[in-house]
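Chain by chain, the residues run as shown.
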Amino acid sequence: AKNKQTNKQTKNTSQKVFHSHVMVATNGSCCSSSSNAFGSSTVPSGSGTFENMHHLHRGDDAECSGSPAKRCRLRRRTESVRKHRPPFPWFGMDIGGTLVKLVYFEPVDITAEEEQEEVENLKSIRRYLTSNVAYGKTGVRDVHLELRNLTMCGRTGNLHFIRFPTQAMPRFIQMGRDKNFSSLHTTLCATGGGAYKFENEFRMMADLELLKLDELDCLIRGLLFVDRVGFNGHPECYYFQNPSDTQSCVKKPCTLDNPFPMLLVNIGSGVSILAVYSENNYKRVTGTSLGGGTFLGLCCLLTGCETFEEALEMASKGDSTNVDKLVKDIYGGDYERFGLQGSAVASSFGHMMSKEKRDSISKEDLARATLVTITNNIGSIARMCAVNEKIERVVFVGNFLRINTVSTKLLAYAMDYWSKGQLRALFLEHEGYFGAVGALMELLKTTEDP
Amino acid sequence: MAECGRVDSNTSHTMDKSITLPPDEIFRNLENAKRFAIDIGGSLTKLAYYSTVQHKVAKVRSFDHTAKAAAGDKLYEISMQEEVTARLHFIKFENAYIETCLDFIKDHLVNTETKVIKATGGGAHKFKELIERKLGLKVDKEDEMTCLIKGCNFVLKNIPHEAFVYAKHADSEFRFQTTNPDIFPYLLVNIGSGVSIVKVESEDKFERIGGSSIGGGTFWGLGALLTKTKRFDELLQLASKGQHASVDMLVKDIYGGSYGYLGLTGDLIASSFGKSATADKDFSKEDMAKSLLHMISNDIGQLACLYAKLHNLSRVYFGGFFIRGHPVTMHTITYSINFFTKGEVQALFLRHEGYLGTIGAFLKGAEEDNPNQYSWGENYAGSSGLMSVSPDMNPMQRARSGTFDMLEMDRLERQLVNLPLLQDPSSYIPDTVDLTEDALAREYWLYCFEEALDGVVKRAVASQPDMPEAALRAEKFRQKYRHKLQTLRQQPFAYGSLTVRSLLDTREHCLNEFNFPDPYSKIKQRENDIALKYYQKAVKSLDELSWEEKQFALVQGVLAGNVFDWGAKAVSDVLESDPEFGFEEAKRQLEDNSGVDIILGVMPFVRELLSRGTEVVLASNSGPALNDVTNGELQILTERIAAMDPVIEAGLREDRLLLVQSGSSSPCLDLSRLDKVLAMVVRERQTDLVIIEGMGRAIHTNYYAMLSCESLKMAVIKNSWLADRLGGKLFSVVFKYEVPAGKPNKDCGAFSPS
């Protein structure tokens, strides 16, 4: 609770707000393809990524907010913890198999004195990150997710959510070296497998030491934090009402007031399923390799698409029943002896055993079938785990669910239908960023407590 | 293999006619066939029928000895009689041959009152009209899952070594499970185009507790899309050659190594197809097929484990066309189950998995015959064995034998049950050496049986001097058995664990197949005649000994008698070359003894027990095997001995000596498959000592058998290789007395005289 946002009502009048007029999905791709990865070497310098920051630098941004009295109070609090507070910039990084998730805390309570002290490097990083919504060809800031006027470790600021493909990681490290990031003496808190995989490169290339953190610890810590502070005054969590009825199925906000125990299903490239009993007491129940990476990987092979957005776009237009064999395709109707509805999928891609059907199928149908197959399978495993662990609340997170209402609705339906209403599927707005948030919190935790 | 699923009937018609069915081998005994059942799957048809088989059996009949007991008269007469036994036939072939097969059946079907054919499987409706038109039978559809479960229960109960664990890298890929008398509850994971997970609690109670749409159809359909390879088998072939790591994102691709904190190794798949999310790279068909295979196998394994855990079940059987005899999929499923249960649950597969549906459909149709009240036995002579048509395992044979796979099961005269005195029926393994795992032993014994084949053929012909065509039949027997031995050399696992017992049983089945029911009947008759003449003299000389000397002499008598064994090559060589070799020679081998096997060895021993007031149950084979005495023969012999020995006579009269058949027709003994009557007698009489005699019954089998009462295992090692193996000399003696744990252990071990 120490990080609880205390001044939600503070009006941040002078700050530039980008999220209202920028659509994330239009800002390039989040995924893959090495040719357009983060400032690839074929791209002339200047049109690359972070090296452009000086060109984009705007000098007239106001940093401070609130009344003089409030600023004074803040100042006092700030000073009381100052000696325990890590130096800026504050980053939390989660380097996954497909995506790197980066959260950046932008302080908005910077004093004139601080501003003067602030080194040029730091300033340019802040301005570059906060004044752009896209970085290079593949870096994206999810502006709609920005948490505004958040107080962390006694400082008020905005939390920014940025992602780029893991393939661009070498380029990112290169930039860290070029910009002499190590001179800032900040600790780079990193989680996810990449924290281990790229540790040496950070050290060798950029003279940076990573503070490596366990991804599941970070995931849970970050999730609980974001749920606590809320989403700019709205609940972070939501569910679907009437999940079994496509007509009246609606998204409803809710809170995780008493979140434990919960089954946490993290769908990234692969899937991890955790039973969480308290912030520090959890176990990894199981996992599956059929995750977001499988959806995208198979879609690329089957349809020739290149990005997650493209794949989802196709899937939204397709019809999976042209690809999947349903119970009614085999039994003519319901398989009553076993209580199976005729509309249930009996065999995913089952129609594709026939050459005739293979020759007449559309890419959209294939994309849809892939999405439905992967989603249903995750739902099925999650449901079995929930029953085995005797947990009724199933929380789905991870970037597979980003802009993916087909999957979220399908998961909500699957949980409800197969459990006869016993299980409820819950979702969180910041889907894939909790690991990175958790990493940032670790940075603040290590220095915050006297 | 022909194309399956051809639509053009003209093409398929020509193709069908191009195969001629060898009637001696396929669709046998059609004349008497009734009760057909058919299971038509996506590519294979499985046909079942019930038939009766006429067999020659050797019957013994006592002469009337009260009138004249002149020397030289035969003790009993042997006659060859026809006996009718029931047999179940199951034949598996590709759907493309359905029409040819139906024509063949129609042409050969003689006298049948059958009006309906039970049908199951997805393809049943597609061929309904064809079947009804060709056979004139009404197609009666049965629920697929019900048939599957019924069939599964049937094979688990009736076929020893039906279930096995698959271990790709072990010395023996197939580890067969001992038959647990209690087969329930279990989980059956049927991987067809989708996956059904069924919990089976009893003969009639089962429930589909879950399933998945990611199954064999997903592998096939998605695989065909990705690799442009049409056929399921070819996809598996591709998969077996691929490297999944080029397509899958492994833990080490993300972590650079293992994820130590969670104990996830670097080679673990983190995201299936995780590396294929790119437009720039081409992936090989093999690699994609492999990745797909892993993805689907792991997923099914994971779900199966979750359901097994939820329902607290430890026996999980896998079946369906995805598994059916494919080492590749058995391996990946096994791997997955091991991974997800940390080795707590083993994936089990079934030898006759492909037949479950048709067996079940057949049983549904035969309910009025109540087939479940009988015990059935796999006929090794008429069954193809595991992987007979697997291209991976046996390309040569596949090319030769076409695409027909067979299973034949004989209805046994008696119901077979466990010996009630087995300490732990579920862990009892009859056989001492598993030749599937012991390659050296396997090589030796296969060689041994092949070497002995000439002698067996000669003996078979000699046993039927009045039948001129016996030589021809004996030749056919030779070919069949030699072929079986060759098959077993290639596929030791074809009929479950390969053992000396199974080699002996297979030989008996093959001999029966060609109407040599008891090649040793005449030899036995002659020997019994001679031995009987010595009986009184032997008993008299025993009675003259002191008590202690007598005990030794009795035991040595049993062991010396045991030397007369036509099954042992070392002995049969001597016996064949020297027709005069008799018990005098055996005496020399064993210094001091008396008698030939049963009459001069066992009977004096029995007599001693009886005279001490002990009740004796004398169990012998129900059917002939080598020169072992059968129950029929023993009845007559005992009668004759009783006529000259008041002790035996009193024993019979007072019901203290019982002659019971064991239910076995083998030189070996499976204590988990004994005649129900014997088990009942053992229980009623509260048997407290079991004596097992002979190399087949006490060494090849039951050497390690643990009983809940005292036991004595006696045998002479009549095989130099085996003697070597056990660390002794040829003609050494095993005399193993055991007391079950908890009771005082008086003596234990083997001893050798001199």
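What you are looking at is a predicted structure, and each value in this text was computed from that prediction instead of being measured.

1. Regarding the pattern of salt bridges
All names here are of chain B. All chains considered together, the criterion is met by 61 salt bridges over all chains. Of the charged contacts in the structure, one is a salt bridge between Glu408 and Arg87, with a shortest N-O distance of 3.0 Å. Residue Glu408 is located in strand S16 (residues 405-411), and its partner Arg87 is located in strand S3 (residues 76-94); the two are separated by 321 residues in the primary sequence.

2. Looking at the state of the cysteines
Two cysteines, two sulfur atoms, one covalent bond between them: this is a disulfide. Residue and element names in this part refer to chain B. Under the criterion given, the structure shown has zero disulfides over all chains. Cysteine Cys668 is unpaired, with the sulfur of Cys448 as its nearest cysteine sulfur at 13 Å. Assessed through its relative accessible area of 1%, Cys668 is described here as buried.

3. Examining the packing of aromatic side chains
Here a ring pair, both rings aromatic, is described through the centre-centre distance and the interplanar angle of the planes. Per the stated rule, a full pass over the model turns up 46 aromatic pairs over all chains. Ring centres of Phe240 of chain A and Phe427 of chain A lie 5.7 Å apart, and the angle between their planes is 70°; on these two criteria the pair is classed as edge-to-face. In this pair, Phe240 of chain A sits in strand S9 (residues 237-241) while Phe427 of chain A sits in strand S17 (residues 424-428), placing the two residues 187 residues apart along the sequence. Accessibility expressed as a relative area gives 1% for Phe427 of chain A, which makes it buried. Note on Phe232 of chain B and Phe321 of chain B: the rings are 5.1 Å apart at their centroids and 80° apart in plane angle, and the pair reads as edge-to-face. Taken as a pair, Phe232 of chain B in helix H6 (residues 232-241) and Phe321 of chain B in the loop between strand S13 (315-319) and helix H9 (327-341) lie far apart in primary sequence, 89 residues in all. On the accessibility criterion, Phe232 of chain B (6% relative accessible area) is buried. Of note, Arg424 of chain A hangs over the ring of Tyr239 of chain A, and the distance from its end group to the ring centre comes to 4.1 Å. A cation sits over an aromatic face here: Arg411 of chain B above Tyr374 of chain B, 4.1 Å from the ring centre.

4. Some points on the confidence of the model for chain A
Residue and element names in this part refer to chain A. Of the residues in chain A, 80% reach a pLDDT of 70 or more, and the chain-wide mean stands at 83. Mean pLDDT across the secondary structure elements of chain A bottoms out at helix H1 (residues 53-56), with 37, and peaks at strand S11 (residues 262-267), with 98. The low-confidence segment residues 1-66, where pLDDT is below 50, has 150 contacts with residues more than four positions distant or belonging to other chains.

5. Topic: the interface of chain A and chain B
If you look at the interface, chain A gives 61 residues, while chain B gives 51 residues. Summing the contributions of chain A and of chain B, the shared interface buries around 4,500 Å²; its carbon and sulfur component is 63%. We note a salt bridge from Lys309 of chain B to Glu389 of chain A, for which the minimum N-O separation is 3.7 Å. Linking chain A with chain B are 18 residue pairs in polar contact (both at pLDDT 80 or more). Contributions of two or more residues to the side of chain A that touches chain B are made by helix H6 (193-197), helix H8 (215-229), strand S13 (282-288), helix H9 (292-303), helix H11 (327-331), strand S15 (345-347), helix H12 (355-359) and helix H13 (363-389) of chain A. It is H13 of chain A that provides the largest number of residues to the side of chain A that touches chain B, a total of eleven residues. Counted by class, the side of chain A that touches chain B contains 24 nonpolar, 26 polar and eleven charged residues.

6. A short note on the nonpolar core
If you look at the biggest cluster of nonpolar residues, it comprises 101 residues, and the most contacted ones within it are Val265 and Phe396 of chain A together with Phe318 of chain B. Of all hydrophobic cores here, the second largest spans 81 residues; its members include Val100, Phe181 and Cys218 of chain A together with Ile254 of chain B.

7. With respect to the sheet that holds strand S10 (residues 206-212) of chain B
Residues and elements named next belong to chain B. Strand order in the open sheet formed by seven strands is S7-S6-S14-S13-S8-S9-S10, and the pairing between neighbours is mixed. Across the chains shown, the open sheet's two edge strands, defined by having one partner strand only, are strand S7 (174-176) and S10. Geometrically, the sheet is characterised by an average inter-axis angle of 35° between neighbouring strands, direction not taken into account.

Cut-offs applied
- Residues numbered from 1 in each chain as written.
- Chains lettered and ligands numbered in written order.
- Predicted model: local features only at pLDDT ≥ 70, side-chain atom pairs only at ≥ 80, totals over all residues.
- Heavy atoms only, no water.
- Salt bridge = Lys/Arg side-chain N within 4 Å of Asp/Glu carboxyl O.
- Helix = DSSP H or I, 4+ residues; strand = E, 2+ residues; numbered from the N terminus.
- Disulfide = S-S within 2.5 Å.
- Buried < 20%, exposed > 50% of the residue type's maximum accessible area, 1.4 Å probe, protein only.
- Phe/Tyr/Trp six-rings, centres within 6.5 Å; stacked < 30°, edge-to-face > 60°.
- Lys NZ or Arg CZ within 6 Å of the ring centre and 35° of its normal.
- pLDDT = per-residue confidence, 0-100.
- Contact = heavy atoms within 4.5 Å.
- Buried area = accessible area lost by both parts, 1.4 Å probe.
- Polar contact = N/O pair within 3.5 Å; in protein donor to acceptor, adjacent residues only side chain to side chain.
- Nonpolar A, V, L, I, M, F, W, Y, C, P; charged D, E, K, R; others polar.
- Core = buried A, V, L, I, M, F, W, Y, C linked by side-chain atoms within 4.5 Å.
- Pairing = 2+ DSSP bridges.
- Axes fitted to C-alpha atoms, helices over the stretch in contact; angles between N-to-C directions.

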